[in-house]
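Structural description and commentary
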Amino acid sequence: MTNPFDRPDTDYLALVDDRRQHSLWPSAVDVPAGWTVVFGPAGRPDCLEFIATAWTDPLPTSTCPVEHRPAPASPDASGLQDAARQGSNRRRDSTMTASTPTVSKPPTMAGHPLFGSLMDLQKDTLGTYLKALGEHGDVVRFTVGPPGMRAEFYGVFSADGAQQVLASSAQTFSKENRFLGELRQSFGNGLLTSMGDEYLRQRRMLQSLFTPRQVNEYGSEITQETGSLVERWRTAPDATVDVAEEMTGHTLRTISRILFGRKSDVDAMVPTVQRNFPLINAYAVKRAFAPVNLSRKVPTPGNLRAAKAHRELYEVCDEIISTRRTEDSTAPAGRNDMLSLLARAHDDDGNPISAEETRNQVLVFLVTGHESTATTLGLTLHLLACHPEVQARAHQEVDRVLSGREPVAEDLEKLPYLTQVLKETLRLHPAAPAQGRITTEDVRVGSYTIPAGADVVVSSGVVQRRPDIWEDPDTFDPDRFLPEREAERPRYAWFPFGGGPRACIGQHLAMLNATLTLSVLLQNYSFTAVDTDIPLNTGITLRPTGQVRCRLTPRT
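Things to note about the overall build of the chain
In terms of helices and strands, the chain carries 18 helices and 16 strands. In the chain, the proportion of contacts linking residues at least 24 apart, taken out of those at least 6 apart, comes to 71%. Of the accessible surface of the chain, which amounts to about 24,300 Å², a share of 52% is contributed by carbon and sulfur atoms.

What follows is the structure in structure tokens.
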């Protein structure tokens with residue numbers, strides 16, 4: 001038998017009982033219930049780990065001897081539910097022709113004989129989706145995981161399909177999937193993670209915080225924070241900065257300032273988020289895509305690290321909220337930060353928002369408000385640095401419209417080319433390149449039927465690179481978003497902020513933040529790319545995995 005640890009690029013399956021590990025290659029073996037199973041690319045630290053929920057039969061070709069010992073633990077309830085659901089999916093496949101309309105089942109993406117598309121998706125999610133589109137078309141079935149624990153989902157990669165899933169048939173595609181459940185456990189039941197009537201209640205209550213008129217009042221907060229960044233960059237070593245890292249810190253401070261208002265609260269929150277959010281992000285994503293999970297209450301090292309990060313984040317947030325509520329009676333009239341607006345918010349029945357719900361909403365705004373905008377701004381600066389002719393046009397527009405003054409919210413309509421640049425970045429690199437749903441009934445998408453209870457992924461990252469919609473789709477060309485050219489495309493050819501009833505409530509704030517920040521930076525600097533090949537990774541949002549360095553040239 002080949003030892004996979006001698007071949008670092010091969011796949012492997014390992015069974016772990018206490019401290020003993022058995023590496024198996026190339027086929028499966030029978031796995032006792034309760035055993036811990038780890039699988040992934042050999043030598044990689046991001047292998048998936050789960051507990052077997054039932055004894056799985058070996059493949060006929062298996063020749064690997066495994067010493068069976070008593071199971072160390074029983075799987076938790078959530079793991080059993082997941083296994084039952086996967087079994088239901090497999091049974092549904094065998095009865096499709098008897099219970100569904102006479103349209104064809106979606107084609108299945110070829111993958112590893114043992115793990116399906118798991119390794120491909122881990123290595124390059126968007127690349128795997130684009131390959132599936134090229135090989136199979138608009139709707140593709142994916143299988144993920146080893147036999148006996150295999151899950152499946154369906155990718156929808158057309159503009160019409162995206163519109164159906166997100167908008168026109170949204171009632172048939174529920175957002176309540178495993179990923180949302182993990183986010184809810186990580187960040188509470190806020191607007192991002194709530195469902196049904198609770199979501200509608202929260203959306204109505206919070207809508208006034210995100211009207212263009214209200215959001216425009218935060219323009220000065222954005223430009224002042226960007227001005228501080230400009231001054232700090234003047235002392236950058238070798239006049240070089242990592243724009244991805246810089247934009248992450250900048251947007252976090254900006255959103256914290258919009259949320260909390262006071263500098264002392266911002267100074268307390270920013271380092272706490274910077275220290276704990278990456279860990280919580282990775283933890284939620286790993287659990288969302290693992291075939292089976294232990295309960296978060298089991299004291300594994302990963303669970304303990306995540307619990308500590310959650311506890312620290314919640315404690316700082318709760319302390320800020322508690323102090324603000326205590327001071328409410330003496331607060332200055334007309335205080336305009338979002339926390340003060342949340343404190344004054346009421347639902348349809350006149351009930352004020354609770355401290356716990358306030359914290360949930362604050363955490364959602366922090367997570368979605370800074371991470372996605374940071375990705376957009378960092379990659380926009382990188383693309384401008386790599387395309388000096390586009391950067392020159394952006395400089396000319398900023399200089400002509402602003403004439404050296406500080407931009408304000410009302411300038412957005414006067415900066416159409418800058419808006420085109422941002423839209424083109426969002427086309428190539430949408431911060432949230434995929435949205436997940438679960439079908440509530442058998443549903444036809446295009447010429448295919450997707451069964452009830454199936455996981456469905458709609459990918460803006462794929463639709464926004466379709467060559468039948470976007471000529472030369474991998475090229476950076478802001479003129480794609482000239483008004484007359486936008487009018488020629490399908491409604492859901494471009495949807496980086498989602499769509500339908502779950503569309504991002506903060507879209508105007510995101511665009512205001514990005515446009516004002518970019519205009520201030522372009523007033524003061526020209527950018528030259530140092531790093532040209534930028535690998536990207538998808539967690540909760542799209543993020544560069546390495547440095548994105550640009551050389552700064554002050555503009556006089």
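Further notes follow.
Observations concerning the packing of aromatic side chains
Applying the stated criterion across every chain yields a total of 14 aromatic pairs. Between the aromatic rings of tryptophan 233 and phenylalanine 527, the centroid separation amounts to 6.2 Å while the plane-to-plane angle is 80 degrees, which identifies the pairing as edge-to-face. Here phenylalanine 527 lies in strand E13 (residues 525-529) and tryptophan 233 lies in helix H8 (residues 219-233), a separation of 294 residues in the sequence. For tryptophan 233, a relative accessible area of 2% corresponds to the buried category. Between tryptophan 470 and phenylalanine 481, the ring centres sit 5.8 Å apart and the planes meet at 40 degrees, which makes this aromatic pair tilted. With tryptophan 470 in the loop between helix H16 (460-463) and helix H17 (483-486) and phenylalanine 481 in the loop between H16 and H17, this residue pair connects regions lying 11 residues apart in the sequence. On the basis of relative accessible area, tryptophan 470 is assigned to the buried category, the value being 1%. For phenylalanine 481, a relative accessible area of 3% translates into the label buried. By the ring-pair criterion, three or more aromatic residues cluster together here, those being Tyr129, Phe142, Phe153 and Phe157. Against the face of tyrosine 314 rests arginine 359, its NZ or CZ located 4.2 Å from the ring centre.

Focus on helix H14 (residues 388-402)
Here H14 is 15 residues long and its end C-alpha atoms lie 21 Å apart, about the 21 Å a rise of 1.5 Å per residue gives. Of all the positions in H14, only Val390, Gln391, Ala394, His395, Glu397, Val398, Val401 and Leu402 are classed as buried. Axial view of H14: buried residues confined to an arc of 165 degrees, hence all on one face. Turned more than 90 degrees off the buried face of H14, the exposed positions are Pro388, Gln396 and Arg400. Tucked into the core, H14 has its buried residues touching helix H13 (355-386), helix H15 (416-428), helix H18 (507-524) and E13.

Some remarks on the sheet that holds strand E9 (residues 435-439)
With respect to topology, 5 strands assemble into an open sheet ordered E5-E6-E12-E9-E7, the strand pairing being mixed. Two strands in the sheet have a free side with no partner beyond their single neighbour: strand E5 (139-144) and strand E7 (173-174). Two strands pair when backbone bridges link them, and E9 and strand E12 (residues 455-458) are joined in this way by 4 bridges, in the antiparallel orientation. The residue bridging glycine 436 from the neighbouring strand is valine 457, located in E12. Running over the sheet, helix H3 (residues 125-136) touches E5, strand E6 (151-156) and E12 and is turned about 130 degrees from E5.

Brief notes about the pairing of strand E16 (residues 549-554)
Sheet analysis places strand E8 (residues 240-242) next to E16, joined by 3 bridges and oriented antiparallel. In the sheet register, threonine 240 faces E16, and the bridge partner there is arginine 551. With 5 bridges joining them, E13 and E16 adopt antiparallel strand pairing. Bridge pairing in E16 links phenylalanine 527 to leucine 552.

Concerning the environment of arginine 234
Within the secondary structure, arginine 234 sits in the loop between H8 and E8. On the basis of relative accessibility, which here comes to 44%, the residue arginine 234 falls in the partly exposed class. Here the alpha-carbon distance between arginine 234 and leucine 552, two residues 318 residues apart in the chain, equals 8.8 Å. The residues contacting arginine 234, other than those within four sequence positions of it, are Asn524 and Tyr525.

What counts as what
Residues numbered from 1 in each chain as written. Predicted model: local features only at pLDDT ≥ 70, side-chain atom pairs only at ≥ 80, totals over all residues. Heavy atoms only, no water. Helix = DSSP H or I, 4+ residues; strand = E, 2+ residues; numbered from the N terminus. Contact = heavy atoms within 4.5 Å. Areas by Shrake-Rupley, 256 points an atom, 1.4 Å probe, with all protein chains shown as cover. Phe/Tyr/Trp six-rings, centres within 6.5 Å; stacked < 30°, edge-to-face > 60°. Buried < 20%, exposed > 50% of the residue type's maximum accessible area, 1.4 Å probe, protein only. Lys NZ or Arg CZ within 6 Å of the ring centre and 35° of its normal. Expected span 1.5 Å × (residues − 1). Arc of directions from axis to C-beta. Pairing = 2+ DSSP bridges. Axes fitted to C-alpha atoms, helices over the stretch in contact; angles between N-to-C directions.

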